[in-house]
Number of protein chains: 2
Amino acid sequence: MANIRDVAKKAGVSVATVSRVVNKNGYVKKSTLEKVNKAISELNYSPNAIAVSLNNKKTKTLGLILPDITNPFFPELAKAVEEVANQNGYTMILCNSNGLLEKEMEHIEMLERKYADGIILASDSYTEERLKGTDLPMVLLDRGVNPNHSSITANNFSGAVMATKHLLKQGCKKIAHIAGPKNVLTAVDRLKGYQSVVRDSNWYDGDLIIHANYNTKEAITATKKLLEMDSSIDGIFASNDLIAIGCLKAIRSIGWKVPDDIAVIGFDGISLTDLIIPQLSTIKQPVYEMGEAATKLLINEIEVGKKESLFKEFDVTLIHRESTDKRGEINE
Amino acid sequence: MANIRDVAKKAGVSVATVSRVVNKNGYVKKSTLEKVNKAISELNYSPNAIAVSLNNKKTKTLGLILPDITNPFFPELAKAVEEVANQNGYTMILCNSNGLLEKEMEHIEMLERKYADGIILASDSYTEERLKGTDLPMVLLDRGVNPNHSSITANNFSGAVMATKHLLKQGCKKIAHIAGPKNVLTAVDRLKGYQSVVRDSNWYDGDLIIHANYNTKEAITATKKLLEMDSSIDGIFASNDLIAIGCLKAIRSIGWKVPDDIAVIGFDGISLTDLIIPQLSTIKQPVYEMGEAATKLLINEIEVGKKESLFKEFDVTLIHRESTDKRGEINE
DNA sequence: TTGAAAGCGTTACCAG
DNA sequence: CTGGTAACGCTTTCAA
């Protein structure tokens, strides 16, 4: 690949001049501009990004750290981040942390060493303590709120309230909650939302809450346990869609019918919920918009600087489908 | 962040010496080694990757270009690539091409400018013609075979044969095929596999083949069309799982039963197939292993150089589930 | 065993 | 309007 000196030589000018025309800054006489452009296209020159980076300490690279790209919630997020990044001339490095704090830290250090310009962190295990070494611009996504960093979340609490009230409205008399992990912020907020609605009901009981990780397998076990314990449960609010699908499988395996015997609603709104039978009611997060907002926010912090931490919370929406349609309200 | 000069000053040696101890090459007296190491840890020094790259023209960065991270087949691939890359000290840039040749080319150029060390390309539209500008090491994944580049694929043809024979064995008398796009290599091979099995059957007819893109929505339309045209169809081999799920939805919407009225089998083995009801039979590709193999192959080409193009084809396996279980062979 | 200095490809400042 | 050159942080000869 040709470099800037080759171009300079070919055009009969100095490298400084070439640099000026490439970056369109400074004055260049029209005739030399043309000479240089000619040389550039003849040599098919394009500036070496590494050398540029070494100078200005900017790499036009963003890091996206996710717990697990394999969880259907995240690919759409990744897509949004990648697209917005690209539109702004940035490139995205994808890092999987498997939810491990240690891996997260490794990735952050690596991104620093590679001079990434900023990081979008979707973390389970985020604690301010561990992050304070970094001074890279960083925005927290979906799973963490903290005064030192801007963050984007969905309104998990109010979504949980919506889900629980929806179940009530459909006629459920006793609603259980399969909560996510205790240390995951979204899970905690959703649990609180559920509790705020049912706390004062006469049937309410702490045993109606059971914890499981955000996956289908554990949810199956949890659901069976729940229904064995109390067969009068007729509604489940699952902390996310993967858990809800586990519920569906467990319920089916013991021969109950959804939604007649028991209604189920999830959270997230992954596309999967539309593909399964019965179709799963859920609280939909505007995932793409969230990824988009996070990326724009980050790029803004990088390019114009950060004044204050912004904390943006997105509204969620109820999607009413078969799995909670006890009253035949849906007409397909 | 501290740089090599800071360390040198602190240790009272030259930068050359620091470089030697960091890279463990050249002779260093034990006592100075210790001094230097001390300074390094006190300053928490780690070499600036950009500067290193500028020297050796290696960035320890791989590009992964995918049609669409949102298609459930790809996240697992991405995960494999990321993990293996990380294990070898590489970082992965993720690029979404949306299946557009133009976008692919843009990404490739960007990766060249950023001095990526190599590319893994999963492409629909791959044609050698367009790629010949690049001399970056590149391995083709899943959707392209070409003498100039190593490639990793699954055995699509024999998988299709397995699927079709499986349907026959389950008692299907007339099997249709919803094929993928005509310009996608995997789709073409699967179509050929199907044809090789049924071509000589007395019921065979070209109308039993219908094309659709690799998504659920189009598959619904296609399936309805197929069954309206010929209601004696009692088996469908779908070119991928997303299509198969579309079949299931369409079949359900017209009131038929799976697998009794009609059996359905997909291809890919995405985890989704295990979560839906009825569970979907499918031909499973070893996705993770494929991603792993591609990455190892690429890293090998980068680090030890490439002698010849390797062409590795992975075996696929039949997963027999409810959607084709006409004879009650599955005991859960 | 160690240090000085050139070079990697740019940009940006300072002169002219 | 243009050119020379220091600087970015590191590696790698070449000498000592």
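Residues numbered from 1 in each chain as written. Chains lettered and ligands numbered in written order. Predicted model: local features only at pLDDT ≥ 70, side-chain atom pairs only at ≥ 80, totals over all residues. Heavy atoms only, no water.

The name recorded for chain A in an unreviewed UniProt entry is Transcriptional regulator, from Virgibacillus indicus.

*Asks:* Quick rundown of the protein's contact with DNA strand D? Include the residues and the values.
*Replies:* Within the structure, DNA strand D sits among 26 residues, and Thr17, Arg20 and Lys29 of chain A together with Ile4 and Asn55 of chain B are positioned closest to it. If you look at DNA strand D and keep only atoms within 4 Å of the protein, 65% of those are sugar or phosphate atoms. Tyr45 of chain B has a polar side-chain atom sitting 2.7 Å from a phosphate oxygen of DNA strand D. Here Asn48 of chain B contributes a backbone N or O atom positioned 3.1 Å from a phosphate oxygen of DNA strand D. Those elements giving two or more residues to the surface near DNA strand D turn out to be helix H2 (15–23) and helix H4 (49–56) of chain A together with helix H1 (4–11), helix H2 (15–23) and helix H4 (49–56) of chain B. When residues in the surface near DNA strand D are grouped by element, the largest group, 4 residues, is from H2 of chain B. Across the surface near DNA strand D, the residue classes break down as 11 nonpolar, 10 polar and 5 charged. (Near = heavy atom within 4 Å. Polar contact = N/O pair within 3.5 Å; in protein donor to acceptor, adjacent residues only side chain to side chain. Helix = DSSP H or I, 4+ residues; strand = E, 2+ residues; numbered from the N terminus. Nonpolar A, V, L, I, M, F, W, Y, C, P; charged D, E, K, R; others polar.)

*Asks:* Give me the side chain of Ser323 of chain B: which residues, what numbers.
*Replies:* All names here are of chain B. Relative to the helices and strands, Ser323 is located in the segment after strand S12 (317–319). A polar contact is formed between the side chain of Ser323 and the backbone nitrogen of Ser281, at a distance of 2.8 Å. Contacts of Ser323, omitting those with residues within four sequence positions, involve Val258, Pro259, Ile262, Ala263, Val264, Pro278, Gln279, Leu280 and Ser281. (Contact = heavy atoms within 4.5 Å.)

*Asks:* Residue-level account of helix H6 (residues 101–113) of chain B, with values.
*Replies:* For H6 of chain B, spanning 13 residues, the distance from its first C-alpha to its last is 19 Å, which sits close to the expected 18 Å at 1.5 Å a residue. At the C-terminal side of H6 of chain B, Tyr115 of chain B shows a positive phi close to 60°. (Expected span 1.5 Å × (residues − 1).)

*Asks:* Just give me the short version of the packing of H1 of chain B against helix H3 (residues 30–43) of chain B, but keep the residues and values in it.
*Replies:* All names here are of chain B. In the contact formed by H1 and H3, the axes pass within 9 Å of each other and the chain directions differ by 125°. When the axes of H1 and H3 are compared, the pair comes out oblique. Both H1 and H3 take part in a crossing whose hand is right-handed. Facing Asp6, Val7, Lys10 and Ala11 of H1, the residues of H3 in contact are Lys35, Val36, Ala39, Ile40, Glu42 and Leu43. (Axes fitted to C-alpha atoms, helices over the stretch in contact; angles between N-to-C directions. Parallel < 35°, antiparallel > 145°, perpendicular 65-115°, else oblique. Left-handed = near helix turned anticlockwise from the far one by under 90°.)

*Asks:* Account for the pairing of strand S3 (residues 118–121) of chain A, naming residues and giving values.
*Replies:* All names here are of chain A. Side-chain alternation along S3 places Gly118 and Ile120 on one buried face and Ile119 and Leu121 on a second face that is also buried. By the bridge criterion, 4 bridges tie strand S1 (residues 61–66) to S3 in an arrangement that is parallel. Bridged to Leu64 within S3 is Ile120. (Buried < 20%, exposed > 50% of the residue type's maximum accessible area, 1.4 Å probe, protein only. Pairing = 2+ DSSP bridges.)

*Asks:* Any details on the interface of chain B and chain A? Residues and values, ideally.
*Replies:* Facing 46 residues of chain B, the contacting portion of chain A comprises 46 residues. Taken together, the two surfaces of chain B and chain A that pack against each other cover about 4100 Å², and 59% of this comes from carbon and sulfur. Interface area lost by chain B to chain A is led by Ile50, Leu275 and Ile277 of chain B, which between them contribute 17%. One can count 6 salt bridges joining chain B with chain A. The closest approach of N and O atoms between Glu322 of chain A and Arg252 of chain B, which form a salt bridge, is 3.3 Å. For the pair chain B and chain A, the number of links is 22 residue pairs in polar contact (both at pLDDT 80 or more). Secondary structure elements with two or more residues in the side of chain B that touches chain A: H4, helix H5 (73–87), strand S2 (91–96), H6, helix H11 (241–253) and helix H12 (272–275) of chain B. Grouping the amino acids of the side of chain B that touches chain A by side-chain chemistry returns 19 nonpolar, 13 polar and 14 charged. (Buried area = accessible area lost by both parts, 1.4 Å probe. Salt bridge = Lys/Arg side-chain N within 4 Å of Asp/Glu carboxyl O.)

*Asks:* Requested: an account of the sheet that holds strand S7 (residues 209–211) of chain B, with residues and values cited.
*Replies:* Residue and element names in this part refer to chain B. With mixed pairing, 6 strands are arranged side by side in an open sheet as S7-S6-S8-S9-S10-S12. Every interior strand has two partners, whereas the edge strands, S7 and S12, have only one. Averaged over all adjacent pairs, the angle separating strand axes in this sheet is 20°, with direction ignored. Of the strand pairs in this sheet, strand S10 (residues 281–284) and S12 are connected by 3 bridges, and their pairing is antiparallel. By the bridge assignment, Ile283 is partnered in S12 with Leu318.

*Asks:* Tell me what's going on with the relation of the copies chain B and chain A, and back it up with residues and numbers.
*Replies:* Relating one copy of the chain to the other requires a rotation about an axis plus a shift along that axis. Laying chain B over chain A is done by rotating through 180° and shifting 0.1 Å along the axis; what remains is an RMSD of 0.2 Å. The superposition of one copy onto the other is thereby described by a two-fold rotation axis. A shared binding surface is used by both copies, with 100% of the interface residues of chain B retained as interface residues in chain A. (Least-squares fit on C-alpha atoms with pLDDT ≥ 70 in both.)

*Asks:* How would you explain the domain arrangement of chain A if you had to name every residue and give the values?
*Replies:* Split by domain assignment, chain A resolves into domain 1 (4–47), domain 2 (61–154 + 287–315) and domain 3 (156–285 + 319–324). Here the C-alpha centre of domain 2 of chain A lies 37 Å away from the C-alpha centre of domain 1 of chain A. (Domains from an automatic or database assignment.)

*Asks:* An account of unusual backbone geometry is requested, with residue identities and associated values reported.
*Replies:* Excluding glycine, residues mostly have negative phi values, and the peptide bonds linking residues are mostly trans. Look at the link from Ile277 of chain A to Pro278 of chain A: it is a cis peptide, with omega at -5°. With an omega of 5°, the peptide bond between Val258 of chain B and Pro259 of chain B qualifies as cis. Its identity is not glycine, yet Asn44 of chain A carries a phi of approximately 55°, on the positive side. Along the polypeptide, Asn44 of chain A turns up in the loop between helix H3 (30–43) and H4. In this structure Asn44 of chain A comes out as exposed when scored by relative accessible area, which is 61%. The phi dihedral of Lys60 of chain A is positive, around 55°, even though this residue is not glycine. Secondary-structure assignment places Lys60 of chain A in the loop between H4 and S1. For Lys60 of chain A, a relative accessible area of 35% puts it in the partly exposed group.

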